[in-house]
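The primary structure of each chain is shown beneath.
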Amino acid sequence: MGNLATGLNYTFHKDVVPRPDQESKFDPLYGFPNGRKEKVMIATEEEMYAAKIPLKNRDYCAHYLLKFQKCRKDKFPWVYRCHHEKHEYLHCLYEEYLDRMKDFERERRLMEREKRLSSKRG
């Protein structure tokens, strides 16, 4: 039901639901008095290209994927010994997902706040 509900929210509540394909209308540091931790890409483009990592996996967790793939290659056929590297990679993906959801929710709440304040003024 998630995709249908998301599409319906975009259709019926355009003024309070952020679009994933558009830039944020708000300052990314708004609400963070001490600033935000900057995300740094650790794996280089050359390393990812050499390891043949698909474009969809070239994100902030790519360095963990590189370690996991290297471990699988080194320990084949006993790839179960790479469970720690796999766990690190999946944990990074989970944290990245949480950050995206928190950013979406922050944007949505700021849009609702802006709508509420503009309706009080006028």
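See the structure above.
Note that the coordinates shown come from a computational prediction; the quantities given were computed from them, not determined experimentally.

Participant: With reference to specific residues and values, describe the environment of P28.
Facilitator: Mapped onto the secondary structure, P28 falls in the loop between helix 1 (2–12) and helix 2 (45–50). Along the backbone, P28 and E107 are 79 residues apart, and their C-alpha atoms lie at a distance of 9.4 Å.

Participant: Would you mind going over the pattern of salt bridges in detail, with residue names and values included?
Facilitator: Counted by the stated rule, this structure contains 11 salt bridges. For E114, the salt bridge goes to K25, with nearest N and O atoms at 3.8 Å. Within this pair, whereas E114 is found in helix 4 (residues 83–121), its partner K25 is found in the loop between helix 1 and helix 2, the two being separated by 89 residues in sequence. For K25, a relative accessible area of 53% gives the class exposed. Residue E45 pairs with R58 through a salt bridge whose shortest N-O separation is 2.7 Å. Taken as a pair, E45 in helix 2 and R58 in the loop between helix 2 and helix 3 (62–75) lie far apart in primary sequence, 13 residues in all.

Participant: Give me the lowdown on the side chain of H63, citing residues and values where you can.
Facilitator: Tracing the sequence through the fold places H63 in helix 3. Within the structure, the side chain of H63 is placed 3.3 Å from the backbone oxygen of Y60, a separation counted as a polar contact. Setting aside anything within four residues of it in sequence, one finds H63 in contact with I42 and A43.

Conventions and cut-offs
- Residues numbered from 1 in each chain as written.
- Predicted model: local features only at pLDDT ≥ 70, side-chain atom pairs only at ≥ 80, totals over all residues.
- Heavy atoms only, no water.
- Helix = DSSP H or I, 4+ residues; strand = E, 2+ residues; numbered from the N terminus.
- Salt bridge = Lys/Arg side-chain N within 4 Å of Asp/Glu carboxyl O.
- Buried < 20%, exposed > 50% of the residue type's maximum accessible area, 1.4 Å probe, protein only.
- Polar contact = N/O pair within 3.5 Å; in protein donor to acceptor, adjacent residues only side chain to side chain.
- Contact = heavy atoms within 4.5 Å.

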